[in-house]
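The lines below spell out each chain.
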Amino acid sequence: RFPARTERYVRAGIPAESKMETKIIAIVGPTASGKSALAVRLAEKFGGEIISADSRQVYRGLNIGSGKITKREMRGVPHHLLDVANPKNVFTVSQYQKLGQRAIKKIINRDKLPIICGGTGFYLDTLLNNFPLPPVAPNPKLRTRLEKLSTETLGAKLELLDPRRFSDIDLLNRPRLIRAIEIATTLGQVPPLGIKGSPLRDLKDRPWNSLQIGIRLDLKKLRQNIHDRLLKRLRRGLINEVKKLHENGVSWKRLEAFGLEYRCVAAYLQNKLTKKELIEKLEIEIWRYAKRQMTWWKRDQTIHWVKNYKEAEKLVAKFIRQG
């Protein structure tokens, strides 16, 4: 049915009759660790298609700042959940879960291997574990009270209510902090706990047979990657990208809500930061975000950490071979 896929299986030492019905690969790790490149290589090897798990790459026009993979970098591998939302509108995790589930089913129906790849831990957990996301309506009174608090106080409040969400969120993104506090306050018990009464990491609660692979980099190397990538993005036109988004009707406030690169460049374009301050501030904030991502992933004992492609390839081959 899929000769190219069968050929890859044979090369990998996997029986051609192996089935993909409920198997999923997830590639995780901090920003600038090389997740996208690893996912593409695994997809080429095992006949996979990639589902992005990034809260900013869902938006059209957020390309350079979000680190969205280019057509050339995709190397012909189909990618899903990129460019599915208007940056002027809010795209919710509930919408992501629905589209992600649909994409997984379609990929499996094509007898391909779904590979979820991204650095937004909340998105990936939501999709991988399929836990219910009760709708939480905006609470104007609570929001008014929270708006009066400092950003630092909002972060501390979220850490008390939902330590797990705190470890993955942009701590300078006030809209996201307020929304996270609103959800945790309303539900009493936050969604990342998954199915009530069951820990999120209990494998029996997962709807699919999944293998999570994490990229482990030396911290010095990771920090250098962050520095090099930031300078590359600036050379590629990050500032012009943000300027164009604003010219096309995306407000400064909305750009700030996207966090990190978009918040800082928006400040620069409003003459609130010098170019030197922009680079220094971004490098510090991205590094802090990477450390929070690592804190998030470290809590998951089911992740298999690898240092290179060969280690990841062996894990995937073994996972599929198990039938």
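What counts and what doesn't
- Every residue gets a number counted from 1 within its own chain, in the order that chain's sequence is written.
- Residues qualify for local features only when their pLDDT is at least 70, as the model is predicted, and side-chain atom pairs are given and counted only at 80 or more; totals for whole chains, interfaces and linings, by contrast, use all residues.
- Neither water nor hydrogens contribute to the side-chain values; these are computed over all heavy atoms in the structure.
- Numbering of helices and strands runs from the N terminus; a helix is a DSSP stretch of H or I covering at least four residues, while a strand is a stretch of E covering at least two.
- Buried means the residue's accessible area, taken with a 1.4 Å probe over protein chains only, is under 20% of the maximum for its type, while exposed means over 50%, and partly exposed covers the values in between.
- The contact criterion used throughout is that any non-hydrogen atoms of two residues lie within 4.5 Å.
- A pair of strands counts as paired when DSSP detects no fewer than two bridges linking them.
- The axes are straight lines fitted to the C-alpha atoms, using for helices just the contacting stretch, and the angles between their N-to-C directions are given from 0 to 180°.
- Put simply, angles under 35 degrees are roughly parallel, angles over 145 are roughly antiparallel, angles from 65 to 115 are roughly perpendicular, and the rest are oblique.
- When the near helix sits turned anticlockwise from the far one by under a right angle, the crossing is termed left-handed; a clockwise turn instead gives a right-handed crossing.
- Only Asp, Glu, Lys and Arg are considered charged, only Ala, Val, Leu, Ile, Met, Phe, Trp, Tyr, Cys and Pro nonpolar, and every remaining residue, Gly among them, polar.
- Values of pLDDT, ranging from 0 to 100, describe the predictor's confidence in every residue of the model.
- Points on a 1 Å grid, built from protein atoms alone, make a cavity when a 1.4 Å probe fits but cannot get out and make a pocket when they are open with protein on both sides within 12 Å along at least 5 of 7 lines; residues with an atom within 4 Å of a point are the lining residues.
- Grid points are joined across faces, edges and corners, and a volume is the space filled by probe spheres set on the points.
- For this analysis, a salt bridge means a side-chain nitrogen from Lys or Arg found within 4 Å of a carboxyl oxygen belonging to Asp or Glu.

## Details of the side chain of Q57
And then number 1: The residue Q57 is located in the loop between β2 (48–52) and α3 (71–74) in this model.
And then number 2: According to the relative accessible area criterion, Q57 is buried, its value standing at 9%.
And then number 3: Look past the residues within four positions of Q57 in its chain and what remains in contact with it is S52, S66, G67, K68, L81, L82 and D83.

## So, the environment of P135
And then number 1: Of note, P135 is situated in the loop between α5 (121–129) and α6 (140–147).
And then number 2: For the pair P135 and L187, spaced 52 residues apart in the sequence, the C-alpha separation amounts to 9.6 Å.

## Some words on the pairing of strand β1 (residues 23–28)
Working note: regular strand, side chains alternate between the two faces of the sheet.
And then number 1: The buried fraction of β1 amounts to six of the six residues, a majority that puts the element mostly inside the structure.
And then number 2: Side chains K23, I25 and I27 project from β1 onto one buried face, and the interleaved I24, A26 and V28 project onto a second face that is buried too.
And then number 3: Relative to strand β5 (residues 209–215), β1 runs parallel, the two being bridged by six bridges. Counted as the bridge partner of I25 is L211 from β5.
And then number 4: Two strands pair when backbone bridges link them, and β1 and strand β4 (residues 113–117) are joined in this way by three bridges, in the parallel orientation. Paired with A26 across the two strands is I116, which belongs to β4.

## Thoughts on the packing of α6 against helix α9 (residues 174–187)
And then number 1: Look at α6 against α9: their axes get within 10 Å of each other, and the N-to-C directions meet at 135°. In terms of orientation, α6 and α9 fall into the oblique class. Every pair of crossing elements has a handedness; the one defined by α6 and α9 is right-handed. Note on element contacts: α9 touches α6 through R174, I178, R179, I181, E182 and T185, opposite L142, R143, L146 and E147.
And then number 2: Residue composition of the contact of α6 with α9, by class: four nonpolar, one polar and five charged.

## Topic: the confidence of the model for the chain
And then number 1: With 86% of its residues at a pLDDT of 70 or more, the chain shows a mean pLDDT of 87.
And then number 2: Confidence over residues 191–204 falls short of pLDDT 50; this stretch has 31 contacts with residues more than four positions distant or in other chains.

## With respect to the layout of surface pockets
And then number 1: Put simply, the largest pocket is a space of about 1,300 Å³.
And then number 2: Taken together, 40 residues line the largest pocket, and the ones lying closest to its centre are V90, P175, R176, R179 and A180.
And then number 3: Put simply, the parts of the chain that give the lining of the largest pocket at least two residues each are α4 (93–109), α5, α6, α9 and α12 (252–257).
And then number 4: The greatest single-element share of the lining of the largest pocket, amounting to eight residues, is contributed by α9.
And then number 5: In this model, the second largest pocket occupies a volume close to 1,000 Å³.
And then number 6: Lining the second largest pocket are 47 residues; nearest its centre among them are S36, Q57, G67, R229 and R233.
And then number 7: Sorting elements by how many residues they give to the lining of the second largest pocket places helix α10 (residues 219–236) first, with six residues.
And then number 8: When the residues that make up the lining of the second largest pocket are grouped by side-chain class, the tally is twelve nonpolar, 18 polar and 17 charged.

## What to know about the sheet that holds β5
And then number 1: Pairing is parallel in the open sheet, where six strands are placed in the order β3-β2-β4-β1-β5-β6. The open sheet has two free edges, formed respectively by β3 (79–80) and β6 (304–306), since each of these has just one partner strand.
And then number 2: Strands in contact with helix α15 (residues 309–321) are β1, β4, β5 and β6; relative to β5, the strand with the most contacts, it is inclined by about 175°.

## Details of the pairing of β4
And then number 1: Counted residue by residue, β4 has five buried out of five residues, so it is predominantly covered.
And then number 2: Here β4 shows a buried face lined by L113, I115 and C117 and a second buried face lined by P114 and I116.
And then number 3: Relative to β4, β2 runs parallel, the two being bridged by five bridges. Residue I50 lies in a different strand from β4, and its bridge partner there is I115.

## Concerning the pattern of salt bridges
And then number 1: What the rule picks out here adds up to eleven salt bridges.
And then number 2: A salt bridge links E44 to R75; the shortest N-O distance between them is 2.8 Å. Here E44, found in helix α2 (residues 35–46), pairs with R75, found in the loop between α3 and β3; they are 31 residues apart in sequence, far enough to count as distant.
And then number 3: Of the residues examined, E44 reaches a relative accessible area of 25% and is grouped as partly exposed.
And then number 4: Using a relative accessible area of 56% as the deciding quantity, one classes R75 as exposed.
And then number 5: Between K276 and E280 there is a salt bridge, and its shortest N-O distance comes to 2.6 Å. A residue pair is termed a helical-turn pair when its members lie 3 or 4 positions apart in one helix, as K276 and E280 do in helix α14 (residues 275–298) at four residues.
And then number 6: Its relative accessible area of 57% is what places K276 among the exposed residues.

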